[in-house]
Amino acid sequence: MKKYIALFILIVGLTACEKDDFCTQNPVTPNLVLRFYDMDNTNDLKNVERLSIIAEGKTDSLFTNRTTDSIAIPLNSLSQKTVYTLKMNDVDGNIANNQTATLTIEYNPEEDFVSRSCGFRIIYENVTLSNTGWINSLSTTEVPLIDNQASAHVQVFH
Amino acid sequence: MYKYFISLCFVFVFVNGYSQINTSKEETKEKKDTITYKTGYGLRLGIDISKPALSIVDKSYSGLELVGDYRISKKWYVAAEIGHEDETTFEDFLSSSAKGNYIKIGANYNAYENWLDMNNEIFVGMRYGFAIFDHTLNSYQPNVSSGTENLPPYFPSTPIKTPMSDDGLTAHWTELQLGIKAETFKNLFIGFSFSYKIMLSVDDQKDFKTLYTPGFNRVFESNTGFGFNYTISYLIPFVNK
């Protein structure tokens, strides 16, 4: 009898285990972080009014009609190139006053093991950026490695 | 009614009685106990039945472990375990397998004072463990989660189902065991023990990490591990002393 009880406890103990670790990194794969600055006064942050952003080949926007001075945008890990169209309107909500810009990002996606619970993430090497439209200039057009998003990777002047 | 009260009174009556008073004046000479209780010394071989039992319950695991010890003194045993394990780990973003053989060598110290000719153990054991194994990353999906709960990633990743394997990986670890063994029938022992393991060195698969090592079990982030076994073993007595 004692044996069966012990065996029962053993089986329950070994099979009833709950998951005890969770991925706490958030997000695991870094986004490209952009901060928007005033092109005339490059030390001052400048909000982008009513910003909407959509990637080439996508039918749904990443977000729409947001007024912000900083955005974190994901890059497509299955491709070596992501093209975003950024639409803003600093006059009113009228479609006629919309201004667009494109931001083309090229990179080499690499897989990187993080941990048991988080799995693999993507890091982006040799990132190059180019821009058109209402974006006047970028602080840098080359980022050697994006492996975190603790601070802005690129400053955008407009 | 009164007779019950009277009867109840008797309940509280105590009588002290003496018997077997040593009335003789001569002192009894204390005799030395000359009987020594002998226990068997020899090779004890067994099997860990928790691993085959777990193999039946858990389809992603199979394992077998043979255990053995040899008594070298009243308190000390040289002990070893050898085994084979094949385990698949499933995580949210990946699945991996480890398969291989292991050996653990060390000693047990029996901290239990046996009565008479009983031969039970409450032991503390130390082991050095060595495993040689294959580790396979079966499948994985790059974690591109958006960082916001319930929001799917803007660019979903595709699962990669091509297994990648590295063989001939080795691991070295030390182990502390705590357990009991009880002689249930003549020369037949049932025991169980818990173990705490500290990894000394382990080979990782290329661009990946060893998540499970045969004999060590799950490798935790801190490079530690836990184990349990339930053994049935038979003592082949060479000599009684």
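Small disclaimer: the values here were computed from a predicted structure and weren't measured.

Parameters and conventions
Residues numbered from 1 in each chain as written. Chains lettered and ligands numbered in written order. Predicted model: local features only at pLDDT ≥ 70, side-chain atom pairs only at ≥ 80, totals over all residues. Heavy atoms only, no water. Pairing = 2+ DSSP bridges. Helix = DSSP H or I, 4+ residues; strand = E, 2+ residues; numbered from the N terminus. Axes fitted to C-alpha atoms, helices over the stretch in contact; angles between N-to-C directions. Disulfide = S-S within 2.5 Å.

A. Inspection of the sheet that holds strand β9 (residues 142–146) of chain A at higher detail. All names here are of chain A. Pairing is antiparallel in the open sheet, where six strands are placed in the order β3-β2-β5-β6-β7-β9. The open sheet is flanked by β3 (63–68) and β9, the only strands paired with a single partner. Each adjacent strand pair in this sheet contributes to an overall mean axis angle of 30°, direction not counted. Sheet topology places strand β5 (residues 81–88) next to strand β6 (residues 99–115); eight bridges connect them, and they run antiparallel. Across the sheet, residue Y84 finds its bridge partner in β6, namely L103.

B. Just the state of the cysteines, in detail. Residues and elements named next belong to chain A. On inspection of all chains with the given rule, the structure shows one disulfide over all chains. The disulfide partner of C23 is C118, and the gap between their sulfur atoms is 2.0 Å. Here the S-S torsion is close to 100°, and the disulfide linking C23 with C118 is therefore right-handed. Taken together, the residues C23 in the loop between α1 (2–15) and β1 (32–37) and C118 in the loop between β6 and β7 (119–133) connect sequence positions 95 residues apart.

C. Just the pairing of strand β10 (residues 224–240) of chain B, in detail. Residues and elements named next belong to chain B. Judged from the nine bridges that link them, strand β1 (residues 40–48) and β10 form a sheet pairing that is antiparallel. Looking across to β10, one finds that G42 is bridged to P237. Where strand β7 (residues 188–202) lies against β10, 11 bridges are found, and the strand directions are antiparallel. Paired with K197 across the strands is G225, a residue of β10.

D. Summary view of the pairing of strand β2 (residues 61–71) of chain B. All names here are of chain B. With five bridges connecting them, β1 and β2 associate as antiparallel partners. Looking at the pairing, G46 lines up with V67 of β2. Where β2 meets strand β3 (residues 76–90), 11 bridges bridge the pair, whose relative direction is antiparallel. Bridge pairing in β3 places S62 opposite D86. The antiparallel pairing of β2 with β3 creates a hairpin that spans four residues between the two strands.

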